[in-house]
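These are the residues of each chain, in order.
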Amino acid sequence: MNSYWTKRIFDIIVSVLVLLILSPLFLIGSILAKIQSSGPVFYKAKRVGIGGSIFKMYKFRTMVVDADKIGIGLTTHKDPRVTPIGRFLRHTKLDELPNFINVLRGNMSLIGPRPESPYYVQYYTETQKQVLLAKPGITGPSQIANRNEEEKLSSQTDPENYYIKELMPKKLAIDLQYVATQCFLSDMRWLLKTLWVVMLPTKRNIPTNEAGDPHKV
């Protein structure tokens, strides 16, 4: 069995198990997303997938309706568009549970480069576009390294310019290294690191080098 099918079968098995085991949390997330304000339960964000294909990434809605029309495409810390319940969903990561639906559909993988909006992909260089050779993931090296992204953006006078010129290139450098060296065993390591930072909040923002690996103390 080649590496593609090994990863795909693993993605399907884990996603089915997560959705079954965490179905009560999925129900809670759905209820909270619905009662926070008028609007749909899910937020369907346009993202660029493998080969440059466009897909809709599912998340529980955490912001007011049409938030993307009343502000920039980035979410900063204490963004006024995020509802009080939405803050809870984002803080607990419950908002990302529907991502597993994307994994089952084949749009995403458990581990991979961060899925990006088409608007920001237009700023990729030819070299940076190589991240599109891999399926985007729910988690991965750049996601772990930038778990405090909203805080970084909120401290900037021009968050969008900072993201495009400074933060995004750094994230892409990490993802490019991942794409060049990815294998099933490395994916297992990143999955374990993700579980570590989720279960131990004090360890969430693991410092990384450009290769995306944690610094040795």
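Computed from a predicted model, the values in this text were never measured in an experiment.

J.: Just to check I follow, could you spell out the overall build of the chain for this structure?
T.: Along the chain, the regular secondary structure elements total 9 helices and 4 strands. Since a compact globule built from 217 residues should have a radius of gyration of about 17 Å, the 17 Å found for the chain is in line with a globular shape. Projected onto its principal axes, the C-alpha positions of the chain cover 45 × 45 × 40 Å. A separation of at least 24 residues holds for 67% of the contacts in the chain among residues at least 6 apart in sequence. Charge centroids of the chain, computed over 29 positive and 18 negative side chains, lie 5 Å from each other.

J.: Before we go on, may I ask you to explain the environment of Pro98 in this structure?
T.: Here Pro98 shows up in the loop between α3 (84-92) and α4 (99-105). On the basis of relative accessible area, Pro98 is assigned to the buried category, the value being 0%. With 40 residues separating them in the primary sequence, Pro98 and Tyr58 have C-alpha atoms 5.3 Å apart. In contact with Pro98, not counting residues within four places along its chain, are Phe26, Phe42, Tyr58, Lys59 and Phe60.

J.: What exactly am I supposed to notice about the environment of Ile85 here?
T.: One can find Ile85 in helix α3. Owing to a relative accessible area of 23%, Ile85 belongs among the partly exposed residues under this scheme. With 22 residues separating them in the primary sequence, Ile85 and Met63 have C-alpha atoms 9.0 Å apart. Aside from chain neighbours lying at most four places away, what touches Ile85 is Leu32, Ile35 and Gln36.

J.: I'm lost on the nonpolar core in this one. Help?
T.: Considering soluble globular proteins, one finds that nonpolar side chains tend to be buried as a cluster. One finds Phe60, Leu97 and Leu110 to be the most contacted residues of the largest nonpolar core, which totals 25 residues. Listed by contribution, the elements that provide at least two residues to this core are α1 (3-21), α2 (23-35), β2 (54-60), α4, β3 (109-111), α8 (159-181) and α9 (184-199). Leu97 has contacts with Val18, Leu19, Leu22, Leu25, Phe26 and Phe60, leaving out every residue within four places of it along the chain. Ranked by size, the runner-up nonpolar core spans 13 residues in total, among them Val48, Tyr120, Tyr124 and Val131.

J.: I keep staring at the pattern of salt bridges and nothing clicks. Help me out?
T.: When the charged atoms of two side chains lie near each other, side chains of opposite charge can form a pair. Taken as a whole and judged by the stated rule, the model has 9 salt bridges. We note a salt bridge from Lys7 to Asp187, for which the minimum N-O separation is 3.0 Å. Remark: Asp187 occurs in helix α9 and Lys7 occurs in helix α1; sequence separation between them is 180 residues. A relative accessible area of 17% means that Lys7 is categorised as buried. The shortest N-O distance in the salt bridge between Lys129 and Glu126 comes to 3.2 Å. The structure contains a network of salt bridges with shared partners spanning Arg114, Glu116, Glu149 and Lys171.

J.: Mind showing me how you'd approach α9 here?
T.: An α-helix turns once every 3.6 residues. As a result, residues three or four positions apart point the same way. In this model, α9 (16 residues) spans 23 Å end to end at C-alpha, consistent with the 22 Å of a helix rising 1.5 Å per residue. Turning to α9, its buried residues number three or more, namely Ser186, Asp187, Trp190, Leu191, Thr194 and Val197. What you see down the axis of α9 is that its buried residues fit within an arc of 145°, all on one side. Turned more than 90 degrees from where α9 packs its buried face, Leu185, Leu192 and Met199 sit exposed. Turning to α9, the residues buried within the fold contact α1, β3, β4 (137-139), α6 (141-145) and α8.

J.: What exactly am I supposed to notice about a positive patch on the surface here?
T.: A cluster of like positive charges, contributed by Lys44, Lys46, Lys56 and Arg105, occupies part of the molecular surface. Residue placement: Lys56 occurs in strand β2. Given the relative accessible area of 45%, Lys56 is considered partly exposed.

J.: What am I meant to see in α8 here?
T.: In this model, α8 (23 residues) spans 31 Å end to end at C-alpha, consistent with the 33 Å of a helix rising 1.5 Å per residue. Bending of α8 peaks at approximately 40° at the position of Leu167, with proline Pro169 no more than four residues after it. Looking at α8, one finds that the buried residues are Pro159, Glu160, Tyr163, Ile164, Leu167, Met168, Lys171, Leu172, Ile174, Asp175, Tyr178 and Val179. Check the buried side of α8 and you find it contacts α1, β3, α5 (118-121), α6, α7 (149-154) and α9.

So, how was this worked out
Residues numbered from 1 in each chain as written. Predicted model: local features only at pLDDT ≥ 70, side-chain atom pairs only at ≥ 80, totals over all residues. Heavy atoms only, no water. Helix = DSSP H or I, 4+ residues; strand = E, 2+ residues; numbered from the N terminus. Rg over C-alpha atoms; globule rule 2.2 N^0.38 Å. Contact = heavy atoms within 4.5 Å. Lys, Arg positive; Asp, Glu negative; His and termini not counted. Charge placed at Lys NZ, Arg CZ, Asp CG, Glu CD. Buried < 20%, exposed > 50% of the residue type's maximum accessible area, 1.4 Å probe, protein only. Core = buried A, V, L, I, M, F, W, Y, C linked by side-chain atoms within 4.5 Å. Salt bridge = Lys/Arg side-chain N within 4 Å of Asp/Glu carboxyl O. Expected span 1.5 Å × (residues − 1). Arc of directions from axis to C-beta. Patch = residues over 30% accessible without salt bridge, like charges linked within 9 Å, V, L, I, M, F, W, Y side chains within 5 Å. Areas by Shrake-Rupley, 256 points an atom, 1.4 Å probe, with all protein chains shown as cover. Bend = angle between axes of the 7 residues up to and from the residue.

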